[in-house]
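# Analysis of the macromolecular model
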Amino acid sequence: MSKKDRSASGDSDKVIHVVFGPGGGRVSEPPPAPLAGVPEAPMPAPGAREPVTDMFTGTEVARLLGISPGRLRSLDRAGIAPPSGRRRGRRAYTFSDLIALRAARDLLARKVRLRDVARAIDNIRAALPRVTRPLAELRVAFDGKAVVVRSASGAFEPITGQMVLDFEVKDLRDDVVRVLRPKVGRERARTAYELYMQASQLDEDPSTMDEAESLYRRALEIDPWLAIAYTNLGNICFRRNAEEQAEALYMKALELDAAQPEAQYNLGYVMLERGRAAEAIRYFRGAIASDPRFADAYYNLAMAYEQVGDPTQARPCWRRYLELEPTGTWAEIARRHL
């Protein structure tokens, strides 16, 4: 049998819940109460500039896209991707200009002729006004002959041939926040974390689990780098018996925060439940490396070693568990293995 979280019962106790604290670490003090007044449709604090409506200098664009100032000037002079806005009385690039420049950069990197790049950018600019929500999964693609702008509602032109250019506009917006607008990034992260905290108070109760899922997803729309939210969203999927979705979310959390012990532990537990003890060992050891006082990880690591027929490796794990948790039902089980 695998040890479960003793604070709950049923399917919800099979995974470790991420607690509050910097980086989502495990802390000894109780979690804070959810903040009151979280807006229904969270946005950055007033005064913060959103990338979609912001203006950007040539220096910022060069830094963001890795385009040299000389290349920017040549694209401007050729009329391919000139700045179309103004900021503090000077010409500046809009977010739509960034989309065009990102496409031009990628096309030129693929040795597409300048006149074909110009035609492609013209097509992109013609298509963008049709998009009411450019961040809603909008993608720009080019097949060497025609530009295809695709959104959730479909493509504006038929897709033919092999795509050589394909990027999500939302990714570009996120890059702007991360690289050029750290203030916006901090404010967005704070808003997302408030939503995460609110969801964490709701996600273990079946009657509020749907609300918690919605809050986690809203948090991740605002801050796609909030690794702890992916972990807790994975926990909801696990409780709903959607193990593959849960596993993917735990893996996403580890892509963003490779040292997160909760995601490591939960992945180990999923593998142990599937009878893949050898894989579980790696994840439990990772959880312990990140948090040497993670008692449950020692317990299940010992169980994994027992399942692969290696009781010698299991014994020190049982002993360490008993050092951390000397009393209780699970402690008695651990003693019987020694």
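Just above, that's the structure.
All of the points below concern the structure found in this document. Residues take numbers from 1 onward in each chain, read along the sequence in its written order. Under the rules for a predicted model, residues below a pLDDT of 70 receive no local features and side-chain atom pairs below 80 are neither given nor counted, while totals for whole chains, interfaces and linings still include all residues. Note: side-chain values were computed over all heavy atoms of the structure, leaving out hydrogens and water.

Moving on, we get to the overall build of the protein. A helix here means a DSSP run of H or I that spans at least four residues, while a strand means a run of E at least two residues long, and both kinds are numbered starting from the N terminus. Broken down by element type, the protein carries 14 helices and 6 strands. In the protein, which comprises 338 residues, the proportion classed as buried is 50%. When checking whether two residues touch, look at their non-hydrogen atoms; a contact exists if any pair is within 4.5 Å. Of the contacts made within the protein by residues no fewer than 6 positions apart, 59% connect residues no fewer than 24 positions apart. Using a 1.4 Å probe, the Shrake-Rupley method yields the accessible areas, and only the shown protein chains count as cover for residues. As displayed, the protein offers around 16,600 Å² of accessible surface, 50% of which is attributable to carbon and sulfur atoms. Whether a residue is buried, partly exposed or exposed follows from its accessible area with a 1.4 Å probe, protein chains only, as a fraction of its type maximum: under 20%, in between, or over 50%, in that order.

The aromatic pairing rule takes the rings of Phe, Tyr and Trp, using the six-membered ring of Trp, and pairs them if the centres are within 6.5 Å, calling planes under 30 degrees apart stacked, those over 60 edge-to-face and the rest tilted. One pass over the structure, following the stated rule, counts 8 aromatic pairs. Between Tyr193 and Tyr196, the ring centres sit 5.2 Å apart and the planes meet at 35°, which makes this aromatic pair tilted. A residue pair is termed a helical-turn pair when its members lie 3 or 4 positions apart in one helix, as Tyr193 and Tyr196 do in helix α6 (residues 182-200) at 3 residues. Here, a charge over a ring means that NZ of Lys or CZ of Arg falls within 6 Å of the ring centre while also lying within 35 degrees of the ring normal. Between Arg282 and the ring centre of Tyr283, over which it is positioned, the NZ or CZ distance is 4.4 Å.

Here the focus is the packing of helix α8 (residues 227-239) against helix α9 (residues 243-256). Here an axis means a line fitted to C-alpha atoms, over the contact stretch when the element is a helix, while the angle between two N-to-C directions is reported on a 0 to 180 degree scale. In the contact formed by α8 and α9, the axes pass within 8 Å of each other and the chain directions differ by 170°. Judged on the interaxial angle alone, α9 and α8 are roughly antiparallel. Residues Ala227, Tyr230, Thr231, Leu233, Gly234, Asn235, Cys237 and Phe238 of α8 pack against Glu243, Gln245, Ala246, Leu249, Tyr250, Lys252, Ala253 and Leu256 of α9. Side-chain classes are defined by residue name, with Ala, Val, Leu, Ile, Met, Phe, Trp, Tyr, Cys and Pro counting as nonpolar, Asp, Glu, Lys and Arg as charged, and the others, Gly among them, as polar. When its residues are assigned to classes, the contact of α8 with α9 shows 10 nonpolar, 4 polar and 2 charged. Roughly parallel refers to an angle under 35 degrees, roughly antiparallel to one over 145, roughly perpendicular to one between 65 and 115, and oblique to any angle outside these ranges.

Let us look at helix α12 (residues 295-307). What a helix is expected to span follows from its residue count: subtract one and scale by 1.5 Å. Between its first and last C-alpha atoms α12 spans 19 Å; for 13 residues at 1.5 Å apiece the expected length is 18 Å, and the two agree. Among the 13 residues in α12, 11 count as buried, and that is most of the element. Along α12, the residues classified as buried are Ala295, Asp296, Ala297, Tyr298, Tyr299, Asn300, Leu301, Ala302, Met303, Ala304 and Tyr305. Where the residues of α12 are buried, they touch α10 (261-273), α11 (277-290), α13 (311-324) and α14 (329-336).

Core analysis: the biggest nonpolar cluster contains 62 residues, and Tyr216, Leu226 and Tyr321 have the highest contact counts within it. Looking at this core element by element, the count peaks at 9 residues for α12. For this analysis, a nonpolar core means a set of buried residues of the types Ala, Val, Leu, Ile, Met, Phe, Trp, Tyr and Cys, connected via side-chain atoms within 4.5 Å. Within the second largest apolar cluster, 24 residues are counted, among which are Val61, Ala81, Leu101 and Val112.

With that out of the way, let us pick up the pattern of salt bridges. Think of a salt bridge as a Lys or Arg side-chain nitrogen and an Asp or Glu carboxyl oxygen that are within 4 Å of each other. Applying the stated criterion to the full structure yields 11 salt bridges. Residue Arg217 is joined to Glu213 by a salt bridge in which the shortest nitrogen-to-oxygen separation is 3.1 Å. Note that Arg217 and Glu213 are positioned in helix α7 (residues 209-222) at a spacing of 4 residues, about one turn of the helix. According to the relative accessible area criterion, Arg217 is partly exposed, its value standing at 38%. A salt bridge links Glu323 to Arg320; its shortest N-O distance comes to 2.9 Å. Of this pair, Glu323 and Arg320 both sit in helix α13, separated by 3 residues, roughly a single helical turn. With relative accessibility at 56%, the residue Glu323 sits in the exposed group. Residues joined by salt bridges that share partners form a network here, namely Asp210, Glu213, Arg217 and Arg240.

In this section: the packing of α10 against α11. One way to put it is that α10 packs onto α11 with a least axis distance of 8 Å and a crossing angle of 160°. On the basis of the axis angle, α10 is roughly antiparallel to α11. Between α10 and α11 lies a crossing of left-handed hand. Packed against α10, whose contacting residues are Pro261, Gln264, Tyr265, Leu267, Gly268, Tyr269, Met271 and Leu272, the element α11 presents Ala277, Glu279, Ala280, Tyr283, Phe284, Gly286, Ala287 and Ser290 at the interface. Class assignment of the residues belonging to the contact of α10 with α11 gives a composition of 11 nonpolar, 4 polar and 1 charged. For any pair of crossing helices, the crossing counts as left-handed if the nearer helix is rotated counterclockwise from the farther one by less than a right angle, and right-handed if it is rotated clockwise.

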